[in-house]
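Listed here are the chains, written in short residue letters.
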Amino acid sequence: MKKLTCEYQFNAEQLQNVRRLAKELSLTETVVKLLCARGVDTPEKIKKFLTPSQKNFLSPYCMQGMREAVALLQQAKAEGWNVAVFGDYDADGICASSVMYYALQAFGIQPAVYVPERSEGYGLSVGAIDKIFDECLPDLFITVDCGISNYKEVEYIKEQGAYVIVTDHHELPEILPDCICINPKFSDEYPYDNLCGAGVAFKLACALIGESAYELLDFVALATVADSVPLLGENRDIVHEGLRRISQNPRQAFSVLLGKQGEEVTAQTLAFVLAPRINAAGRMGDAASALKLFLSSSPQEIYQLAVKLNEYNLERQKCCDKLYESAKAKIRQKGAYGNVIMLSDEHWSSGFVGIVAARIAEEYSRPTLLFVKHGDMLKGSARSIESVNIFEALKHCSDCIDEFGGHAQAAGINVSEQNFSLLEQKLDEYIGSHYTAEDFIPKLYVSEHIQDAFSLQLAHELNALEPYGVGHKKPLFYLTARSLSARPVKHKSPHLLIKTDHIDLMYFNGAKHTKLIESDVQKQLVFECNCSIFRGRESVKGFVKDILYDGNSSEIPFWRFSAGLNRLRKESAFDPACVQYLPQTDIENLIMQKRAQSAYGLCMVASDFQTLRSYGCLKDMPPDLVNLSARNVANTLIVSPDAQIDLSDYREIVFLDRPSDFNLTGLEGKRCYANADIFGFKQILNVNTTREGLLQIFAAVRAQAGELQGASVEETAILGHGLGFSVEECMFALAVFEELGLIDYENERLIVYRGVRADLNDSPLYRRVVELQRSVLA
């Protein structure tokens, strides 16, 4: 079950400071809290944060090695040296190479630029070095976004008679290259260590050509966002200025890639429009085309290359989707019941496993390693969740790894096929012993609980905190509500408009949650806010990101009965004979045993909350309602599951009562158990299925047709209840009438057809309910 986690908590003294700052700076306390929690906690820091600018740029000469690099490049210019620039195949490497190319050109040096393809591996290699020397015989070799871990390769370059300057931003290895090195990770006078590779190249550009380098900030902004470095400190100033340049005077390569956006270019535009297209070239084995796009001066060539990158991105998406489905199939076969997920396949592409690993890690809330088999070796990518440092875990298992590198959240690994299972076992043991169950619970970080109207001033101040991104995410808020009004944006739309007392909300693809939103149970709606202008009027609108049932309400709204009817109407290939019925005591013992064995793979299903009263062993487990709040296959308790719920990833399904049906997706091949002592469908047993009773309800509906015309299913059932029938009887009858063609719901509104003759046994739902009632009586 997902957990809401507050981004910050303040003691009394800190709150007093928040109020003082808010008053002094004329800001809302909410925004001041947010800034203080992110380290922006003085009037000077806040003012600087709210006015990002190139004026805040730090001096490049505070960086170790900068003066020496400039001096060497001055010598290279004076003596006419050949200069080679070596980059990387990702967006940061491509942008860093472009920055260095244009800066050197402006400085008076015409460099040769080389970026390797993904198949050549990351960083310097002897093969790439030989190729560059064969092509241009450089006197000076400059790396961007790589090189700090290439001590041996740098020595090889020096043996060929060339000088070397390494510009990089990655973690420092134990042995540094013996050359001029520029890296913000050094303990020097430079106070900021989170620049990306292009950011470091930009600093060298500033030292070489001064403020003329600011013309390259569009590249640096793109790289900063694409490489997922924090958008705080100097990175915030860089991205702000880069976005301003892209919006005001975009270079042609950016314009063509962006197309006719018609919207403001934001950090999200860089992250989700530009960066994927640049990265797609490298992933498809053609990083050179992305570099050409940024270095070309031909409008025709720029257009052709942009079209190629768009095609690459579409192909990349298809390849990632295919790889994801393949990985999911392997998970269903193997199971995802440990502390780490490790999979391999010889047909996967090394260019996509990182993307898919990140997607699976997020979905299952566990570190994920995906490998591509090459002969006896497996080359893989690891992605982790926020709470687990995968680099430290791999370092602990280094005795069975051939090669690895990376950081807390991502790593590249090479392992022999024979050590694959051993690595999986060691990682599982290490993670299990160093982290708790709490570390693996999917969390939604929220800033504030909204209990009053969301003000326009607060919305404006939140906009002023742009650009948002890694390390400075757009804040989420939540409100607590019971019954809310929800309606589709338009006929048959999956998107909802939700009215609350505090803010109007839009929920994209939220239609499946309509019943929960409208029901009178307590839940939390998590949203982010934006300003909206319609017909010249500005207002605040929230966009729902998730909805969580808090597990505390035990009411049984009538729509749960409707959910049961919907499952009965669903055709299922699952054979109920596969279910093992056990007495209450055995079911409880089974649950305790399975929970003790593993934190994953067990799904417990209850028809209603009344069933849970019989299970003292589950008091510590808050239930989900209707839909699963998380997809991480953690041991889960769900009440009144929707007919569309998918339990395919679970290992065992335990029905805490005897349900009316087993029409849930994913039961095939699973170990399924049910409590033989508790009936979970008492409401269905009590439904009047006689012809006379159903005729009375239809006669009442037909007689009230004028009043009921246009009513929803629920409204019709409630009105029927007022005529002397139970809500459950009315809902059952309406479902049967709909199957028989006596009534219909157009856009969920009732239409009654007259003069239609029908046989009750022509209704599949009627037959199933009657059969269910007879089976109990028998």
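Presented here is an overview of the structure given in this document. Only a predicted model underlies this, so the values are computations on that prediction, with no experimental measurement involved.

## Some remarks on the overall build of the protein chain
1) Next: Helix and strand content of the protein chain: 28 helices and 27 strands.
2) Next: The buried share of the protein chain, taken over its 778 residues, is 53%.
3) Next: Partitioning the intrachain contacts of the protein chain with sequence separation of at least 6 by distance along the chain shows that 67% fall at a separation of at least 24.
4) Next: Summed over its atoms, the accessible surface of the protein chain is roughly 35000 Å², and 47% of this surface lies on carbon and sulfur atoms.
5) Next: The averaged location of the 101 negative side-chain charges in the protein chain is 6 Å from the averaged location of its 79 positive side-chain charges.

## Let's talk about the sheet that holds strand E16 (residues 496–499)
1) Next: One open sheet accounts for seven strands, arranged E13-E14-E18-E19-E17-E16-E15; its pairing is mixed. Edge positions in the open sheet fall to strand E13 (448–449) and strand E15 (485–488), since each of these has one partner strand only.
2) Next: As defined by bridge partners, strand E17 (residues 504–507) adjoins strand E19 (residues 537–549) across three bridges and the pair is classed as parallel. If you follow Met506 over to E19, its bridge partner there is Phe543.
3) Next: Of the strands in this sheet, strand E14 (477–481), strand E18 (523–534) and E19 touch helix H18 (residues 456–463), which is tilted by about 85 degrees from E18.

## What about the pattern of salt bridges?
1) Next: Evaluation of the coordinates by the stated rule reveals 28 salt bridges.
2) Next: Linking Asp218 and Arg251 is a salt bridge whose minimum nitrogen-to-oxygen distance equals 2.5 Å. Placement of the pair is Asp218 in helix H9 (residues 217–226) and Arg251 in the loop between helix H10 (234–248) and helix H11 (252–258), with a sequence separation of 33 residues.
3) Next: You can call Arg251 partly exposed: its relative accessible area is 23%.
4) Next: If you follow the salt bridges from partner to partner, you end up with Lys328, Arg332, Glu363 and Asp649 in one network.

## So, the sheet that holds strand E22 (residues 624–625)
1) Next: Reading across the sheet, the six strands line up as E20-E25-E24-E21-E23-E22 and stay open at both edges, with parallel pairing between neighbours. The sheet is open, and its two edges are formed by strand E20 (580–582) and E22, each paired on a single side.
2) Next: One ladder, built from two bridges, connects E22 with strand E23 (residues 636–639); its direction is parallel. Opposite Asp624, over in E23, you have Ile638 as the bridge partner.
3) Next: In the packing of helix H21 (residues 584–597) onto the sheet, the strands contacted are E20, strand E21 (602–606), strand E24 (652–655) and strand E25 (671–675), and the crossing angle to E25 comes to about 140 degrees.

## Overview of the side chain of Lys594
1) Next: One can find Lys594 in helix H21.
2) Next: A polar side-chain atom of Lys594 sits 3.3 Å from a polar atom in the side chain of Glu652.
3) Next: Sequence-distant contacts of Lys594, that is, excluding residues within four places in its chain, are made with Leu602, Asn635, Glu652 and Arg671.

## Structural notes on helix H14 (residues 299–334)
One full turn of an α-helix is made of 3.6 residues, so residues set three or four places apart face in the same direction.
1) Next: When the terminal C-alpha atoms of H14 are compared, their 51 Å separation across 36 residues agrees well with the 52 Å that a helix rising 1.5 Å per residue should span.
2) Next: The first or second residue beyond H14 is Gly335, which carries a positive phi of 90 degrees.

## Considering the pairing of strand E11 (residues 410–416)
1) Next: Counting buried positions along E11 gives five out of seven residues, so the element sits mostly inside the fold.
2) Next: With seven bridges joining them, strand E9 (residues 377–383) and E11 adopt antiparallel strand pairing. When the bridges of E11 are listed, Ala382 appears paired with Ala411.
3) Next: Bridge analysis of strand E10 (residues 403–406) against E11 gives four bridges, and the strand direction is antiparallel. When the sheet's bridge partners are listed, Gly406 is paired in E11 with Ala411.
4) Next: Hairpin remark: E10 followed by E11, antiparallel, with three residues in the connecting loop.

## Quick look at the packing of helix H5 (residues 91–107) against H9
1) Next: Between H5 and H9, the shortest axis-to-axis distance is 8 Å and the interhelical angle comes to 160 degrees. Between H5 and H9, the angle falls in the class roughly antiparallel. H9 is crossed by H5, and the crossing has left-handed handedness. Counted together, Ala91, Asp92, Cys95, Ser98, Val99 and Tyr102 of H5 and Phe219, Val220, Leu222, Ala223 and Ala226 of H9 form the full contact between these two elements.

## Let's talk about the packing of aromatic side chains
1) Next: In the structure shown here, the tally under the stated rule is 22 aromatic pairs.
2) Next: Judged by centre distance (5.1 Å) and plane angle (5 degrees), the rings of Trp81 and Tyr163 are stacked. Taken together, the residues span a long stretch of sequence, with Trp81 in the loop between helix H4 (66–79) and strand E2 (83–86) and Tyr163 in strand E5 (residues 163–167) at a distance of 82 residues.
3) Next: The class of Trp81 is buried, set by a relative accessible area of 13%.
4) Next: Centre to centre, the rings of Phe133 and Phe141 are 6.4 Å apart; their planes meet at 20 degrees, and the pair counts as stacked.
5) Next: According to the relative accessible area criterion, Phe133 is buried, its value standing at 11%.
6) Next: Taking NZ or CZ as reference, Arg651 lies 4.1 Å from the ring centre of Tyr337, over its face.

## Observations regarding the packing of helix H12 (residues 267–283) against H14
1) Next: Relative orientation of the contacting elements H12 and H14 amounts to 75 degrees, with a least axis distance of 8 Å. As far as their axial angle goes, H14 and H12 are roughly perpendicular. The residues of H14 that touch H12, namely those facing Pro276, Arg277, Ile278, Ala280, Ala281 and Arg283, are Leu309, Asn310, Tyr312, Asn313 and Arg316.
2) Next: Across the contact of H12 with H14, the residue classes break down as six nonpolar, two polar and three charged.

## Remarks on the nonpolar core
1) Next: Grouped together as the largest cluster of nonpolar side chains are 84 residues, with contacts concentrated most on Leu73, Ile278, Leu293 and Phe294.
2) Next: Ranked by residue count, the leading element in this core is H5, at 11 residues.
3) Next: The residues touching Phe294, leaving out its near neighbours within four places in the chain, are Ile94, Cys95, Ser98, Tyr102, Phe219, Leu222, Ala253, Phe254 and Ile278.
4) Next: Core analysis: the second largest hydrophobic core is formed by 62 residues, Phe49, Leu625, Val654 and Ile678 among them.

Rules and cut-offs
Residues numbered from 1 in each chain as written. Predicted model: local features only at pLDDT ≥ 70, side-chain atom pairs only at ≥ 80, totals over all residues. Heavy atoms only, no water. Helix = DSSP H or I, 4+ residues; strand = E, 2+ residues; numbered from the N terminus. Buried < 20%, exposed > 50% of the residue type's maximum accessible area, 1.4 Å probe, protein only. Contact = heavy atoms within 4.5 Å. Areas by Shrake-Rupley, 256 points an atom, 1.4 Å probe, with all protein chains shown as cover. Lys, Arg positive; Asp, Glu negative; His and termini not counted. Charge placed at Lys NZ, Arg CZ, Asp CG, Glu CD. Pairing = 2+ DSSP bridges. Axes fitted to C-alpha atoms, helices over the stretch in contact; angles between N-to-C directions. Salt bridge = Lys/Arg side-chain N within 4 Å of Asp/Glu carboxyl O. Polar contact = N/O pair within 3.5 Å; in protein donor to acceptor, adjacent residues only side chain to side chain. Expected span 1.5 Å × (residues − 1). Parallel < 35°, antiparallel > 145°, perpendicular 65-115°, else oblique. Left-handed = near helix turned anticlockwise from the far one by under 90°. Phe/Tyr/Trp six-rings, centres within 6.5 Å; stacked < 30°, edge-to-face > 60°. Lys NZ or Arg CZ within 6 Å of the ring centre and 35° of its normal. Nonpolar A, V, L, I, M, F, W, Y, C, P; charged D, E, K, R; others polar. Core = buried A, V, L, I, M, F, W, Y, C linked by side-chain atoms within 4.5 Å.

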